[in-house]
Amino acid sequence: MYDAQKADMLQGTVRAFQWSNPHCWIQLLVPKDGVTQEWSVEMGSTAELYRSGWRPATVKPGDKVTIVVHLMRDGSAGAHFVSAVRADGAPLGKPLAGNVP
């Protein structure tokens, strides 16, 4: 489903952070060429994220973030999470095991 051989970066504003099982999700509003597109970024489970330093309030709607992802193979606006930083460059948690390109 995701191209694990190719990493890309998404920079945008968090619309929602869903702390849920079986996977957490970040809905990210990404501006490009004057148009804002919503991306769905799939993450690990709550337990996996918790071990990596994430908490339910780690990101909130309106936060500016840059996320490294593996894009969907079909080119749709979905991706698998690798790592993230805040607008000031501070890392969000640690990269999830097995995701680092």
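Definitions and cut-offs
Residues numbered from 1 in each chain as written. Predicted model: local features only at pLDDT ≥ 70, side-chain atom pairs only at ≥ 80, totals over all residues. Heavy atoms only, no water. Helix = DSSP H or I, 4+ residues; strand = E, 2+ residues; numbered from the N terminus. Buried < 20%, exposed > 50% of the residue type's maximum accessible area, 1.4 Å probe, protein only. Contact = heavy atoms within 4.5 Å. Areas by Shrake-Rupley, 256 points an atom, 1.4 Å probe, with all protein chains shown as cover. Lys, Arg positive; Asp, Glu negative; His and termini not counted. Charge placed at Lys NZ, Arg CZ, Asp CG, Glu CD. Polar contact = N/O pair within 3.5 Å; in protein donor to acceptor, adjacent residues only side chain to side chain. Pairing = 2+ DSSP bridges. Axes fitted to C-alpha atoms, helices over the stretch in contact; angles between N-to-C directions. Core = buried A, V, L, I, M, F, W, Y, C linked by side-chain atoms within 4.5 Å.

**Student:** Would you take a moment to explain the overall build of the chain for this structure?
**Tutor:** Counting its secondary structure elements, the chain contains 1 helix and 5 strands. Reading the chain from its N end, one meets helices and strands in the order β-β-β-α-β-β. For the chain, the C-alpha atoms occupy an extent of roughly 35 × 30 × 25 Å along the three principal directions. Classification of the 101 residues of the chain by burial places 40% in the buried group. Considering only contacts in the chain between residues 6 or more positions apart, those separated by 24 or more positions represent 51%. Carbon together with sulfur atoms contributes 54% to the accessible area of the chain, which is approximately 5,700 Å² in total. Averaging the locations of the 10 positively and 9 negatively charged side chains of the chain gives two centres separated by 6 Å.

**Student:** It is not clear to me how the environment of Y50 should be interpreted in this structure. Could you clarify?
**Tutor:** For Y50, the position within the fold is in helix 1 (residues 46–51). On the basis of relative accessibility, which here comes to 47%, the residue Y50 falls in the partly exposed class. In sequence terms Y50 and T36 are 14 residues apart; their C-alpha atoms lie 30 Å from each other. Among residues more than four places away in sequence, those in contact with Y50 are W19 and R55.

**Student:** Mind showing me how you'd approach the side chain of D63 here?
**Tutor:** In this fold, D63 is placed in the loop between helix 1 and strand 4 (64–72). Note on D63: relative accessible area 17%, which makes it buried. One polar contact links the side chain of D63 to the main-chain amide nitrogen of K60, over a distance of 2.8 Å. Not counting residues within four places of it along the chain, the set of residues in contact with D63 comprises G12, T13, V14, T58 and R86.

**Student:** Can you walk me through the environment of A87 in this structure?
**Tutor:** Structurally, the position occupied by A87 is in the segment after strand 5 (78–86). Expressed as a C-alpha distance, the spacing of A87 and W39, which sit 48 residues apart in the sequence, is 18 Å.

**Student:** Is there a simple way to explain the sheet that holds strand 3 (residues 35–42) in this structure?
**Tutor:** Strand pairing in a sheet is mediated by backbone hydrogen bonds. Such pairs are either parallel or antiparallel. Spatially, 5 strands are ordered 1-2-3-5-4 in a closed barrel, and the strand pairing comes out mixed. Averaged over all pairs of adjacent strands, the angle between their axes in this sheet comes to 50°, without regard to strand direction. Where strand 1 (residues 2–18) lies against strand 2 (residues 25–32), 5 bridges are found, and the strand directions are antiparallel. The partner of V14 across the bridge, within strand 2, is L28.

**Student:** Would you take a moment to explain the nonpolar core for this structure?
**Tutor:** In globular proteins that are soluble, nonpolar side chains generally tend to be buried together. The biggest cluster of nonpolar side chains holds 20 residues, and the ones touching the most others in it are I26, L28, M43, W54 and I67. Of all the secondary-structure elements, those providing two or more residues to this core are strand 1, strand 2, strand 3, strand 4 and strand 5. Beyond its immediate chain neighbours, meaning those up to four positions away, W54 contacts F17, W19, I26, M43, L49, V59, F81, L92 and G93.

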